[in-house]
Amino acid sequence: MKKLLQKLTDTFSPSGYEDAIRDLIRAEIKPLADEVRVDALGNLIARKGRGGKRVMIAAHMDEIGLIVSHVDERGFARFAPIGGVFGRYLLGGRVRFLNGAQGLIGYDRLEHVTEIPSADKMFIDIGATSPKDCPVEIGDVAAFERPFLDLGQRVIAKSLDNRTGVLVAIETLRALKSTPNEVYVVFTTQEEIGSRGAGAAAFGLDPEIGIAVDVTPSGDTPDSFKLEVALGKGPAIKISDVGMIADPRVVSWMTRVAEKAHIPYQREVLTIGSTDARSIQTSRSGVLSGALSIPVRYVHSPSEMVDMNDVQNSVKLLTALLKSNIELG
């Protein structure tokens, strides 16, 4: 799975510009699904099975990025964030634009060397000397440029949020030989700017159950947030986050299946952020919703870290949830 994960993370597709990652995913899943299509918002929808419960699995395929807002007379590009971009991760970082141009994030003069300037005090240096020889213009978008680093059981890369979830969804389709349910695996767009793709897809599919497959911050680094989620201890079953309280029946079903299959899992109460599940849950007249979360360190940085054991156990759990008749207690 590492090779596919590297292909996914090496692909540049910020929110609203998911064409490249969608083409890559579509090539992987076409032989694995009964039907594959793309909706108006660019969501890639794969169906497997007919009958039983109608289930929507959402794994967002977009990533955070930057968009050029101004190019000054010396060729420096000012930018605005696409999604939750943190200033502390930007200084000295490298970016790649969708047109292939590359650059370095610099910053205006600092009054204090220890301060972290806001994004409006930064710029992208592309080596240009004027707007005429600058290879980007207003509206061009970029994502972080970082190499994939294999540390053995753990890997480091940009956009593990949420290419890890995409990988889990693809591998679940591969492992799910048959299902008595009508399963829609949706690779959603524009999650990082408000779960827009998931809301549209859920309205169109009208599922009975929705599960978001996404990453979640870990709480296992020195002096980290007090989160009871750690790398290597299995996928987390979400109970609540800032945008959603998971349906207790869905939580009970997910934990029951995990325990029966002897799959390690963690319980997640997240006090920062949310997932596509919040948009699915409130679609139409409401959807019974939950989330399967893969622990990741340094979320929304150019170098995130995941444990491949957690990825493998996430695939096992999602496959176990979908391969049998679904009974919610």
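Here goes a summary of the coordinates provided.

## Describing the packing of aromatic side chains
Then step 1. Scanning all chains against the criterion turns up 2 aromatic pairs.
Then step 2. Seen from their ring centres, F86 and Y89 are 6.2 Å apart, and the 55 degrees between their planes marks the pair as tilted.
Then step 3. Since its relative accessible area comes to 32%, F86 is described here as partly exposed.
Then step 4. A cation over a ring is seen here: R284 above F203, with NZ or CZ 4.3 Å from the ring centre.

## Looking at the layout of surface pockets
Then step 1. As a volume, the largest pocket reaches approximately 680 Å³.
Then step 2. Contributing to the lining of the largest pocket are 30 residues, with F86, P217, I272, V299 and H300 lying nearest its centre.
Then step 3. Looking at the lining of the largest pocket, the elements that each hand over two or more residues are strand 13 (209-217) and strand 16 (288-297).
Then step 4. Of the residues forming the lining of the largest pocket, the biggest block, 4 residues, is contributed by strand 13.
Then step 5. Among the residues making up the lining of the largest pocket, the classes are represented as 10 nonpolar, 12 polar and 8 charged.
Then step 6. Taken as a whole, the second largest pocket spans an internal volume of roughly 290 Å³.

## Remarks on the pairing of strand 15 (residues 266-269)
Then step 1. Taking every second residue as pointing to the same face, the buried face of strand 15 carries Q266 and E268, while none of R267 and V269 on the other face is buried.
Then step 2. Handedness of the strand 14 (residues 236-240)-helix 5 (residues 248-260)-strand 15 crossover: right-handed.

## Description of the pattern of salt bridges
Then step 1. A full pass over the atoms with the stated rule returns 20 salt bridges.
Then step 2. The salt bridge involving R74 is made with D72; its shortest N-O contact spans 3.8 Å.
Then step 3. Taking the relative accessible area as the measure of exposure, R74 reaches 48% and is therefore partly exposed.

## A closer look at the environment of S15
Then step 1. Note that S15 resides in the loop between helix 1 (2-10) and helix 2 (19-29).
Then step 2. A sequence separation of 176 residues divides S15 from E191, and the C-alpha atoms of the two residues are 7.2 Å apart.
Then step 3. Sequence-distant contacts of S15, that is, excluding residues within four places in its chain, are made with D62, E63, I82, Q190, E192 and I193.

Reading guide: rules and limits
Each residue is numbered by its place in its chain's sequence as written, counting from 1. Predicted model: local features are reported for residues with pLDDT of at least 70 only, side-chain atom pairs are reported and counted for 80 or more only, and whole-chain, interface and lining totals are derived from all residues. Where side-chain values are given, they derive from all heavy atoms of the structure, hydrogens and water being excluded. Any two of the Phe, Tyr and Trp rings considered here, Trp counted by its six-membered ring, make a pair once their centres fall within 6.5 Å; the pair's planes then place it as stacked at under 30 degrees, edge-to-face at over 60, or tilted in between. Partly exposed residues are those whose accessible area sits between 20% and 50% of the maximum for their type, while under 20% is buried and over 50% is exposed, using a 1.4 Å probe and protein chains only. By definition, being over a ring means that NZ of Lys or CZ of Arg is both within 6 Å of the ring centre and within 35 degrees of the ring normal. Note on definitions: the grid is 1 Å and covers protein atoms alone; a cavity is a set of points where a 1.4 Å probe fits but cannot get out; a pocket is an open set with protein on both sides within 12 Å along at least five of seven lines; lining residues have an atom within 4 Å of a point. Grid points are joined across faces, edges and corners, and a volume is the space filled by probe spheres set on the points. For helices the rule is a DSSP run of H or I covering at least 4 residues; for strands it is a run of E covering at least 2, with both sets numbered from the N terminus onward. Throughout, the ten residues Ala, Val, Leu, Ile, Met, Phe, Trp, Tyr, Cys and Pro are labelled nonpolar, Asp, Glu, Lys and Arg are labelled charged, and all others, Gly among them, are labelled polar. By the criterion used throughout, a crossover qualifies as right-handed when its path from the first strand across the helix to the second strand runs clockwise, the strands pointing away from the viewer. One speaks of a salt bridge when a side-chain nitrogen belonging to Lys or Arg is within 4 Å of a carboxyl oxygen belonging to Asp or Glu. Contacts are residue-level and defined by heavy atoms, with any inter-residue pair within 4.5 Å sufficient.

None of this, on its own, says anything about what the molecule does.
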